[in-house]
Structure formats: structure tokens, C-alpha cells
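# Close look at the chain arrangement
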Amino acid sequence: MSEQVVIERDVPCQLRDGVTLYANVYRPESEGEYPVLLTRLPYNKNLPNFSHRYIDPIRMALDGYVVIIQDVRGRFSSEGDFKPFAQELEDGYDSVEWAASLPYSNGKVGMFGLSYYGFTQMFAAMAKPPSLKAIFPAFTGHNIDRDLSKRGGAYELAKLETWMLDSVAPDYLKRIQDSETFQKTSQELIADLDHILDWHSHFPFKDWSPVMKHPELQELYKAYIYGELSVNDRASIGDVNVPGFHMAGWYDCFLQATIHNFSELEKQGKDDQQLIIGPWGHGVFTPYFGERYFGLKASGDLIDGVDDVTSLHLKWFDHWLKDDQTEVFEEDAPIKLFVMGANEWRSEYEWPLARTNYKPLYLHNHGQLSFDKPTESALDSYVYDPDNPVPTKGGPSLFIHGINTGPLDQREVEKREDVLVYTSAPLGEDIEVTGPVKFKLYASTDVVNTDFVVKLTDVLPDGKSINVTEGIVRTNTIHGALKPGEVYEYEIDMWSTSQVFKKGHSLRVQVTSSNFPMYDPNPNTGDTLLDTTKIINANQTLHMGADYASHIILPIIEG
């Protein structure tokens, strides 16, 4: 182990097309050859809140690694034009092989990083550079079409607009504009970011004013919202052939995408994949999150009372990149889950759990929720007005500076007339729900296209209703244009969770038609607010009973 660390700034890496990327390198002072840990990000390698965020490069270097933090093409110090995601396949391959060729490298490269710089790992692994030996992708996906900007057919509006204006625009415009112009631009960006929660209500959002006022951003923004950033026509996750440790959070906007990374590789027979899911948001590792305290063992500084996040990375890379393999991951269960409510970590061997009992919990008349199937038909209805959408209250959202995320009290939302609420009797014993959650909805409407949003909440004895997991469906993605008055069946993916509903608590289901600005409101016309501002109200009818038994399917873990 080295006692001193050398830091080199703006170390050049020339790509196959002649473009040069620049990186900061942290390496042991002692002479020798060491394995490399590389991360590639668009958020400025010189800012600790982005480039390090949850990893300590000094500790990694002291532990005998060369740590490289690189600005991707077209960002901050690096040359070239920024084309989000689409550029990272070939650039990732070239950067890995460059890192392996450095004089202080032993030729073995691992990659780490979260969010965009989790995607850069997955894309590099899909390109199969021979020197890449292990990855640790966190809070991320690999399929741009499925994982990036939509869920259930609805646009993830707050995430889309926040990322473009807050994370992309400042450096993107600074590189293009002259200094005098950018001085004015930077003040406009600050003003618009200060009011971004108001700007979310600006439609049509293809003409979103905070972006459109900067002509240089328009092409990039439209490529993003129209889904033109994919690399999945050039490579697939089936091409990945390296060990991966996948890190997720129950309240992260990329929760299901991260689970897909793990599951799809494991299904291909790759037994060198690990998954950890904590009670976290997007890059948030605090034990107190939203309105819940999960205990110190949930902290990223004390996972399971043993490891912090950096230590977990070091154990993984020590195993795969060093000859002295002190941590034998083959003997560990491949999955570590934080069970909320019980507030404890647990090891598992498959996902979903083999012992799962998928049990329907039925909606009944008069706002009741029961495991007993209703015998009589019943209807509930509400009016969905796109001009007065249900406000987002917590959940796996991505807002500026992380506001309005995680587990929050839903009672204010549940008072609305356009939110149907169904509640179980207080539980006589604890119930554990761990795994993928689905909702089987039977509904009719008087419009040709609309949305349905479902939430599962944990109702405490004091009345607080804390969101656990949720889902949305845009009806035309399943049934095309609807026939007014006809009953349709929808299976809504509510993603996954691990939650113990304690004795004396109740389970609650919310059904509504909007969750704004997490998602763009459906105008009910057959169009979207991407392109239009024309809206109409929708009269929604929820069907319950013997013929149309709307219900949530819970993955119950017994014993």
C-alpha cells in the first residue's frame, strides 16, 4: 500500500478519430505497475461533488490503484462535440485501452461511476475492450430507448428538463459562445434554474423556453426528447463479458434499469454479477431519506455496519484486478437487499426470490382493500383535468438538487377528488413485500388516450401515508386509440421494492391519472403536450368486482 499519492491533471487520451480527451489521474507515488480504475463523466472531472460524489479516489490510490477521472468527449477539458450516450461506445473502448497502456498500468482496467457515468461503463463493456476486467455500475441503465426518458409511455418530464438545463446546458453553451455572450447566458441559466419548478408547466415542451432561447441547444434537446441518442442498434447487453457489481436504490429513477442490468446478464449464464439495493435515491446514501429513518446501517458510510461505498468498491476490484484475492465473492450470495420497515440487510440468491408468493390484494367499494376477492361489481369514478394535474409528492423522481424525492407523506395528495384511495384494515401481523409489484387495472374512459397512475403506500398508525412504489401507463401504448366507454385491462409495472408493512399499519393504493411534473400530463386528445397545448378533461371509471377485479399483485415473502 502506498503512503503518498501523485495527482496529475489534464492527462491526454487520444481517440481513434484524433480527438483528445483529458483526465485527472490519482496514482501511488511508489514506482510500479498497478491496476486502473476508470470513470468517464460529463460533469467536470475537477468538481468533487460530481466526479467523486460517493467514491474517494485518494483512498483507492493509497490501496494500490491508478484512478482516472475523465471528461467525456465535448465536455469541460475534453475536445470534440458532445453527443450524449451515442458517443460512449467507441470512446469507452478507446479510453479503456489507453488506460491499460499507461506506463504505471499493469494492463487491467476496472470502471466505476453512477448515472451517466454508469451508462459509460455499460457501453464500454458492450464494446468489449480486452483490457476491461470488471465494472461497478450504479444507479444506471444500458437501454436508452427503455431506460432514459420515458416510463410506461409517459415522458419523465422533470428528469428530462432538469438534466438538460442543470447538468448539460452550462458547459455546452460555454464551449460554443464567446465570453461576452456566455456572461449573459449564464445569468439567464441561473434565473431559469431558480424557477425551474414553474418552468415545468411550460407547454408544448418541445418548445421549452429555457432551452429554445439558446439556439445552440435546440438540436441536442430535440435529439433527447425524440429518442435519437440510442446506441442499442450497434451493441447489446449480451456483448458484456466482464464481472459487474450493480448498485441500486429503492427510490432511484433508474431502479428498474439497474435491476435489468443485473438480471439480463445473469439470465445469460453469467455467474459473476452482484446486486445491492439500498433505501436510497439517485446517488443519495443517507440513512434519513424523505420522511423515513432507515438506521445507520443504511448509510453509504456504514452499509450493513461494515463497509462504506468506497470499501465495497475496493473489495470488488481487489477480487478481480489483483492477484492477492482477499475477498472471495464466489462464496457470497449474489444479492444484498435492504428490507425497509425491518430496516435490515439480507442476502439472497436470485431475483425475484424463489420463495415469493404472488398474492392479489383487491380493490373494493367504499375505499376498501382486501385479500378477499369481491363478489359484487362496483364502480368508482373521477374527472382528470390536465390543467390541474395531481402534484408529484416524492417517489423515484429526479428534480433539481434532489428536492421532492423519496418516501414522503401522501395525505395532502390523497385529499384530492381526482385521487381514488383504497385502504386495508390494520394488519394483525407483519407482511413483507419484496420483489416486482404489478397492478391489474380495469378501467374505462370517454377519451381516446389517457394515463393511469398507481401508488402503493404504507399507512402508519398516526395516519401518515408513505409512498413505497408506483407505476404509470399511457393507454395508447397498450391498446392504441380507446373506444369511449369500453372496459380495458392494463397491467401496470410498479417496479420493485422490499418493504415490511408492520403490524398495526395498513396498506393503501392510490389510483389517479397524473403525477406532475414527474411525468408530462396526458392531454387526453391522442396527442401529447410535447407537441400541443390543446387539452380536454377525461371522465375515468375504475371497475371492481367479480367481472373486473382490479387488484395489486404483491410479492409476499413468508417465513
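The text that follows walks through the structure, step by step, so that each part is easy to find. Along each chain, residues carry numbers from 1 onward, in the same order as the chain's sequence is written. Local features in this predicted model are restricted to residues of pLDDT 70 or higher, and side-chain atom pairs are both shown and tallied only at a pLDDT of 80 or more, whereas totals for entire chains, interfaces and linings draw on every residue. The side-chain numbers reported here are obtained from all heavy atoms of the structure, hydrogens and water having been left aside.

## Remarks on the pattern of salt bridges
Oppositely charged side chains are able to pair whenever their charged atoms sit close together. Note on definitions: salt bridges are taken to be side-chain nitrogens of Lys or Arg within 4 Å of carboxyl oxygens of Asp or Glu. Going through the model one piece at a time under the given rule, you end up with 31 salt bridges. In this structure, the salt-bridge partner of Arg 75 is Asp 171, at a minimum N-O distance of 3.8 Å. Of this pair, Arg 75 sits in the loop between β4 (66–71) and α3 (88–101) while Asp 171 sits in helix α6 (residues 157–176), and the two are 96 residues apart along the sequence. The two residues Arg 75 and Asp 171 agree in class, both being buried. As a salt-bridge pair, Asp 318 and Lys 322 come within 3.5 Å of each other at their nearest N and O atoms. Helix and strand assignments come from DSSP, with helices taken as H or I runs of at least 4 residues and strands as E runs of at least 2, each series counted from the N terminus. Only protein chains enter the calculation, and the probe is 1.4 Å; a residue is then buried if its accessible area is under 20% of its type maximum, exposed if over 50%, and partly exposed in between.

## Digging into the side chain of Ser 105
Relative to the helices and strands, Ser 105 resides in strand β5 (residues 105–114). Assessed through its relative accessible area of 5%, Ser 105 is described here as buried. Here the side chain of Ser 105 touches Ala 99 through a polar contact of 3.4 Å, landing on its backbone oxygen. Whether two residues are in contact is decided by their heavy atoms, any of which lying within 4.5 Å being enough. The contact partners of Ser 105, leaving out residues within four places of it in the chain, are Glu 33, Tyr 34, Val 36, Ala 99 and Ala 100. A 3.5 Å cut-off defines polar contacts: any pair of N or O atoms within that distance qualifies, except that in protein one atom must be a possible hydrogen donor and the other a possible acceptor, and neighbouring residues in sequence count only when both atoms are side-chain atoms.

## Concerning helix α4 (residues 116–127)
One less than the residue count of a helix, multiplied by 1.5 Å, gives the span that helix is expected to have. Between the first and last C-alpha of α4 there are 17 Å, a value that for twelve residues agrees with the 16 Å anticipated at 1.5 Å per step. Of all twelve residues in α4, eleven are buried; the element is thus mostly enclosed. Residues of α4 that are buried include every one of Tyr 116, Tyr 117, Gly 118, Phe 119, Thr 120, Gln 121, Met 122, Phe 123, Ala 124, Ala 125 and Met 126, and no others. Taken from the residues just after α4, Lys 128 is the one with a positive phi, measuring 60°.

## As for the packing of α6 against helix α7 (residues 179–194)
To get an axis, fit a line to the C-alpha atoms, keeping to the stretch in contact for a helix; angles then go from 0 to 180 degrees between the N-to-C directions. Packing of α6 against α7 leaves a shortest axis separation of 10 Å and a crossing angle of 175°. One element, α6, and the other, α7, form an angle in the roughly antiparallel class. For the pair formed by α6 and α7, the contact residues are Leu 165, Asp 166, Ala 169, Pro 170, Leu 173 and Lys 174 on the first element and Phe 182, Thr 185, Leu 189, Asp 192 and Leu 193 on the second. Nonpolar residues are Ala, Val, Leu, Ile, Met, Phe, Trp, Tyr, Cys and Pro. Charged residues are Asp, Glu, Lys and Arg, and all others, Gly as well, are polar. Split by residue class, the contact of α6 with α7 holds seven nonpolar, one polar and three charged. Small angles under 35 degrees read as roughly parallel and large ones over 145 as roughly antiparallel, with 65 to 115 read as roughly perpendicular and the rest as oblique.

## Some thoughts on the packing of α3 against α4
Where α3 meets α4, the closest approach of the two axes is 8 Å, and the angle between their N-to-C directions is 80°. By the angle class used here, α3 and α4 are roughly perpendicular. Counted together, Glu 88, Leu 89, Gly 92, Tyr 93 and Val 96 of α3 and Tyr 116, Thr 120, Phe 123, Ala 124, Met 126 and Ala 127 of α4 form the full contact between these two elements. For the contact of α3 with α4, the class distribution of residues is eight nonpolar, two polar and one charged.

## Quick notes on the pairing of strand β10 (residues 273–278)
Most of β10 sits inside the fold, with six of its six residues counted as buried. The alternating pattern of β10 places Gln 273, Leu 275 and Ile 277 on one face and Gln 274, Ile 276 and Gly 278 on the opposite face, and all of these are buried. Strands are treated as partners if at least two bridges between them are detected by DSSP. Across six bridges, strand β9 (residues 244–249) lies against β10 in parallel orientation. By the bridge assignment, Met 247 is partnered in β10 with Ile 276. A crossover counts as right-handed when, viewed with the strands pointing away from the observer, the path leading from the first strand over the helix to the second turns clockwise. Taking the sense of rotation as the criterion, the β-α-β connection linking β9, helix α11 (residues 255–267) and β10 turns out right-handed. With three bridges connecting them, β10 and strand β13 (residues 335–339) associate as parallel partners. Bridge assignment links Ile 276 to a residue of β13, and that residue is Lys 336.

## Things to note about the pairing of strand β25 (residues 551–557)
Counting buried residues in β25 gives seven out of seven residues, a clear majority hidden from the surface. By the alternation rule, side chains of β25 split into His 551, Ile 553, Pro 555 and Ile 557 and Ile 552, Leu 554 and Ile 556, which are all buried. In this sheet, β25 lies alongside strand β15 (residues 357–364) in antiparallel orientation, the contact comprising six bridges. Its bridge partner being in β25, Tyr 362 is matched across the sheet by His 551. Two strands pair when backbone bridges link them, and strand β19 (residues 431–444) and β25 are joined in this way by five bridges, in the antiparallel orientation. Looking across to β25, one finds that Lys 440 is bridged to His 551.

## Remarks on the packing of aromatic side chains
Stacked, tilted and edge-to-face are the three classes applied to pairs of Phe, Tyr and Trp rings, where Trp contributes its six-membered ring and a pair requires centres within 6.5 Å; stacked means planes under 30 degrees apart, edge-to-face means over 60, and tilted covers the rest. The full count for this structure, using the stated rule, is 29 aromatic pairs. Ring centres 5.3 Å apart and planes at 85° place the aromatic pair Phe 245 and Trp 316 in the edge-to-face group. Of this pair, Phe 245 sits in strand β9 while Trp 316 is found in helix α12 (residues 309–321), placing the two residues 71 residues apart along the sequence. Given the relative accessible area of 5%, Phe 245 is considered buried. Measuring from ring centre to ring centre gives 5.3 Å for Phe 338 and Trp 345, while their planes differ by 80°; the resulting arrangement is edge-to-face. With respect to class, Phe 338 is no different from Trp 345; both count as buried. Taken together, Tyr 43, Phe 82, Phe 85, Tyr 116, Tyr 117, Phe 119, Phe 123, Trp 163, Tyr 224 and Phe 254 form an aromatic cluster joined through their ring pairs. When the NZ atom of lysine or the CZ atom of arginine is within 6 Å of a ring's centre and also within 35 degrees of its normal, the charge is said to sit over that ring. Lys 150 extends its terminal NZ or CZ atom over the ring of Tyr 155, reaching a point 4.6 Å from the ring centre. Looking at Lys 359, its charged tip hangs above the ring of Phe 371, at a distance of 4.6 Å from the centre.

Honestly, it's all geometry; don't read function into it.
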